[in-house]
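What the coordinates show
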Amino acid sequence: MKQRYLPFFLIILFSVISAAAFAQPNINPKDGKGYRETPVKINDLVDTRLDVRFDYQKSYLYGKEWVTLKPHFYTTDSLTLDAKGMDIQQIAILKDGKLKSLQYNYEDSLLLHIKLDRKYKGSEQYVVYIEYTSKPNLLHDKPGQKLDGKGLYFVNPKGTEKDKPTQIWTQGEAVSSSCWFPTIDQPQQKTTQQLSMTVPAKYTTLSNGLLISQKINADGTRTDTWKQKLPHSPYLFMMAIGDFKIYKDKWRNIEVNYYLEPKYFPYAKAVFGQTPEMMEFFSKALGVDFAWEKYSQVVVRDYPLGAMENSSATLLGDYVQKSPWELIDDPNGTGGTTIAHELFHQWFGDLATCESWSNETLNESFAVFGEKYWNEKKYGKDDGDDKRYDELQAYLRNKTAADQNLVPFYFSDSEGINGSNIYDKGGLVLTMLRNYLGDEAFFKGLGVYLKNRSFKSAEVQDLRLAMEEVSGRDLNWFFNQWYYGAGHPILDITYKWNESTKTEQVFIAQNQSGQIFQLPVAVDVYAGGKTERHQIWLGHAKDTLSFNLSARPDLVNVDAEKILLTKKTDHKTLTELLYQYQHAPLYMDRFEAFQAAADQQTTAEGKEILKAALKDKYHGLRIKAVKAIKTDDQSLLAEFLPIIADLAKNDPNYPVRAAAITLLGKTKNAAYQDLYQTALTSPSYTVRGAALTALNVVAPAQAFKTAKELQQAAEGPVSQAIVGVYETNGADAEWPYVMAAFKKASVQVKIDNAVKLMPGMIGRMTNRTYVAEGIRTISDLAVTYKKYGVGPKLIASLEDIKKERKNIDDKESANLAEDAIKRINDSKE
């Protein structure tokens, strides 16, 4: 499952996967934490056949299930199935085409304990029939279930929400499939599947496997039957139902389909068209072809966590659904990364599945690795390294990730499994393993692992054994410290040149608490116009490296491959970092120099590095450099402005142009007005939005006129820029547009507007109904997200509004603002 990068106040919400989603613990009295035992396999799923229909008014699913099982090994006369919050009408054994009722106990409306008709041996299969009703909206959210644990989601089921389609979709990971059909809801289970869905005939359906039949019914419904012959885990079962239009593509002889809302169908190829290329790329790299009968991707509404890698049928949030104008700004960004992430899961997670959630790194870490590997090969190593750096920072920012093993077997319910570990850290650990073994051995090892565990479950030791089999190297040291140990090295690196002995010494300290890491690193020594690489092992709290040289080196570059998962303090001089920028080969070499220069912009070396970064070959570094330029030193700014203006007009990357225009706008210099006017004709929404915002600073009347002209067709950044113009210069007539845009905006944009822009407009409007609406909107936002720390800022906005309304003698609105403040203060977090 792909977790999107979230606003700061939401990061904590998804940084931990709570433990209650997983196996029941055996409590270790020594530490009070639950040992997460892999659930005992008493019965094995073999085949699951479902026949479901829906009540859109009640948001119910009416289901019939024929589940085939067999004892795992020992003889048994009982069966326990996960079934959350259902009404059970019948449970029976199917014998010779006839149903014989079975006795059962429904424990806490969570577990069905079924007494079978007799004892079954390990070689004997049996079929249990269950008739049931799933009522997902009546389930209480269960701590630890991903999303909110409903499993089955009805979107606008009664059609009452304007401009929102009616849809049904499912989300099974980790243990939520058992909210819509009874099963053994564990990742180590594997079952084939047949699913029949009866839906209004106007809708399109999607599920795992192939569509094998469609039947038109007399009541205006249609029954679609999907069958997957290959076994997979219950959490990967999926349904999607709605008004989708299908774009048909293919890879080799396998159908590849894209399900989108009709509005976005013309752009299907632009959004998803790289999928077949990715399938070919991953199949060849792994030496294991894509295994499933087809591959489809469907975009749904209201899915909050990015995407879900259901076998052969990935479900994605609507943020990947973009117009050509949006794709211009983000050709290889969020959407493409998600597509690669979920596709790599079809091998890692779906084909070979973690045997318990403690081993979830085998699913998610690989998907993160795969998406960056795609970026690296498709868009260049700079792009892959830049995104890996973002992973590293996300992991280092997490306050608890370093306290937990990547494969955690002990954790309390309150701790759960740390998401930043299995996503960010895990992807970087695989990158280090790849670097240590080399590409040929690493990818051959992945192939061996996949072939050994195809359509089976796996644990991390299976990965180690496959890598050892191929490489011939003992890898216990690597897996013990990175998978079964916690934390990361915190390195402090200092340098000393001894002129008398012509020796360069490098002092490397590991300052973390806990384990001392064994670290194979490359060290490049630049001296006398030549570069010499040294392969070094670090393994002590303090290591000293010595290099005998003919003259003082220009640079000693520790971790020259920029591969270590570490928090590093490297005491290079700015002169050395300038040399590193100019001579070392990697993006991270240049980025490290840029980071130092950004804090020392007035120095000669700092200026030279920043000017080089503004012209860097990689657009991501150009954007960072533009955003780093300080605007409070006018003489310093003057040296950079010609480069910035050239970027604003001519850079081939539109987000770079937008960043440059934004910086020019901060100068409040009217000399750039013509540049802004020209930029308003750009095909890029991001450039247009930046240009309108900048124009509003130097020519507000012209910006207001332009906003009116653009308003009807504006989307995305242009729409947000119009809101900025209206909120600074607009009045009552512009409020409906501001509110409509507010409702469509992301939560972070809503909060930014409520803090920075809306108070001024609300404070000066004459229509008190609009004023009350604005006050209520800010209050609702504060109450909803109070637990993420936004309350004080939004209260300050309401205080400003109260003051302005008092100044114009509007006591009624001022009292509303006061009541809103009280409501926020009284609300629970």
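Residues numbered from 1 in each chain as written. Predicted model: local features only at pLDDT ≥ 70, side-chain atom pairs only at ≥ 80, totals over all residues. Heavy atoms only, no water.

What follows is about the overall build of the protein chain. Broken down by element type, the protein chain carries 27 helices and 34 strands. For the protein chain, whose C-alpha radius of gyration is 29 Å, the value lies close to the compact-globule estimate of 28 Å for 829 residues. Along the three orthogonal principal directions, the C-alpha set of the protein chain runs to about 90 × 80 × 55 Å. Here the protein chain, with 829 residues, has 57% of them falling under the buried criterion. For the protein chain, the proportion of contacts with a sequence separation of at least 24, taken over those separated by at least 6, is 68%. About 34,500 Å² of surface is accessible on the protein chain, with carbon and sulfur atoms providing 50% of the total. (Helix = DSSP H or I, 4+ residues; strand = E, 2+ residues; numbered from the N terminus. Rg over C-alpha atoms; globule rule 2.2 N^0.38 Å. Buried < 20%, exposed > 50% of the residue type's maximum accessible area, 1.4 Å probe, protein only. Contact = heavy atoms within 4.5 Å. Areas by Shrake-Rupley, 256 points an atom, 1.4 Å probe, with all protein chains shown as cover.)

Looking now at the side chain of Ser59. Assignment of secondary structure puts Ser59 in the loop between strand 4 (43-55) and strand 5 (60-71). The exposure class assigned to Ser59 is buried, which follows from its relative accessible area of 6%. Polar side-chain contacts of Ser59 include one of 3.4 Å to the side chain of Asn137. (Polar contact = N/O pair within 3.5 Å; in protein donor to acceptor, adjacent residues only side chain to side chain.)

Right, let's talk about the sheet that holds strand 13 (residues 167-170) for a bit. What the 4 strands build is an open sheet, ordered 12-13-18-15; its pairing is antiparallel. Where the open sheet ends on each side, the last strands, each with one partner, are strand 12 (152-155) and strand 15 (204-207). Recorded for the sheet is a direction-independent mean angle of 10° between the axes of neighbouring strands. (Pairing = 2+ DSSP bridges. Axes fitted to C-alpha atoms, helices over the stretch in contact; angles between N-to-C directions.)

Right, let's talk about the pairing of strand 29 (residues 503-510) for a bit. For a regular strand, side chains alternate in direction, first toward one face of the sheet and then toward the other. Strand 29 sits mainly inside the fold: 6 of its 8 residues count as buried. Of the strand pairs in this sheet, strand 28 (residues 490-498) and strand 29 are connected by 8 bridges, and their pairing is antiparallel. Bridging from a neighbouring strand, Thr494 pairs with Phe507 of strand 29. Following strand 28, the chain reverses through 4 residues before pairing antiparallel with strand 29; Lys502 in that reversal takes a positive phi of roughly 55°. Bridging between strand 29 and strand 32 (residues 542-548) involves 7 bridges; their strand directions are antiparallel. Its bridge partner lying in strand 32, Glu504 is registered against Phe547.

Take the confidence of the model for the protein chain next. Taken as a whole, the protein chain shows an average pLDDT of 92; of its residues, 94% reach a score of 70 or greater. Across residues 5-32 the pLDDT falls below 50, and counting only partners more than four positions away or on other chains, this stretch makes 73 contacts in the model. With pLDDT under 50 throughout, residues 141-147 is counted as low confidence; its partners more than four residues away or in other chains account for 25 contacts. (pLDDT = per-residue confidence, 0-100.)

Spatially, 6-10-9 is the arrangement adopted by the 3 strands of the open sheet, whose pairing is antiparallel. Of all the strands in the sheet, just strand 6 (76-82) and strand 9 (103-107) have a single pairing partner and so form its edges. Across the sheet, the mean angle from the axis of one strand to that of its neighbour is 25°, orientation sign disregarded. Sheet analysis places strand 9 next to strand 10 (residues 111-120), joined by 5 bridges and oriented antiparallel. Of the residues in strand 10, the one forming a bridge with Asn105 is His113.

Our next topic: the environment of Lys190. You can see Lys190 is positioned in the loop between strand 13 and strand 14 (191-200). Exposure remark for Lys190: the relative accessible area of 11% places this residue in the buried category. For the pair Lys190 and Lys624, spaced 434 residues apart in sequence, the C-alpha to C-alpha distance is 47 Å.

Attention now goes to the pairing of strand 31 (residues 530-538). Pairing of strand 30 (residues 519-527) with strand 31 involves 9 bridges; the strand directions are antiparallel. Bridge pairing in strand 31 places Val521 opposite Ile536. In sequence, strand 30 turns back onto strand 31 through a hairpin of 2 residues, with Gly528 there showing a positive phi of about 60°.

Our focus in this paragraph is unusual backbone geometry. Going from Glu173 to Ala174, the amide bond is cis rather than trans, its omega being 5°. Locating Ala174 in the fold gives a position in the loop between strand 13 and strand 14. In this structure, Arg252 is a non-glycine residue whose phi angle is positive, near 50°. Structurally, Arg252 can be placed in the loop between strand 19 (245-251) and strand 20 (254-260). For Arg252, a relative accessible area of 39% gives the class partly exposed.

Take the packing of helix 22 (residues 735-744) against helix 25 (residues 768-784) next. As a packed pair, helix 22 and helix 25 sit with axes 11 Å apart at the nearest point and diverge in direction by 20°. The pairing of helix 22 with helix 25 is recorded here as roughly parallel in orientation. Every pair of crossing elements has a handedness; the one defined by helix 22 and helix 25 is left-handed. Between helix 22 and helix 25, the residues in contact are Trp735, Pro736, Met739 and Phe742 and Tyr770, Glu773, Gly774, Thr777 and Leu781, respectively. Classifying every residue of the contact of helix 22 with helix 25 by side-chain character gives 6 nonpolar, 2 polar and 1 charged. (Parallel < 35°, antiparallel > 145°, perpendicular 65-115°, else oblique. Left-handed = near helix turned anticlockwise from the far one by under 90°. Nonpolar A, V, L, I, M, F, W, Y, C, P; charged D, E, K, R; others polar.)

Let us look at the side chain of Asp732. Here Asp732 lies in the loop between helix 21 (716-729) and helix 22. Although Asp732 is buried, it forms no salt bridge, and the closest oppositely charged side chain is Arg805 at an N-O distance of 7.2 Å. (Lys, Arg positive; Asp, Glu negative; His and termini not counted. Salt bridge = Lys/Arg side-chain N within 4 Å of Asp/Glu carboxyl O.)

The next point concerns the pattern of salt bridges. For the structure on display, the rule yields 47 salt bridges. In this structure, Lys41 engages Asp44 in a salt bridge whose closest nitrogen and oxygen atoms are separated by 3.9 Å. One salt bridge in this structure joins Glu799 and Lys802, with 3.2 Å as the shortest N-O distance. Remark: Lys802 and Glu799 occur in helix 26 (residues 791-807); sequence separation between them is 3 residues, near one turn of the helix. For Lys802, a relative accessible area of 14% corresponds to the buried category. Each of Glu376, Lys377, Lys381, Asp385, Arg388, Arg434 and Asp439 takes part in one network of salt bridges that share partners.

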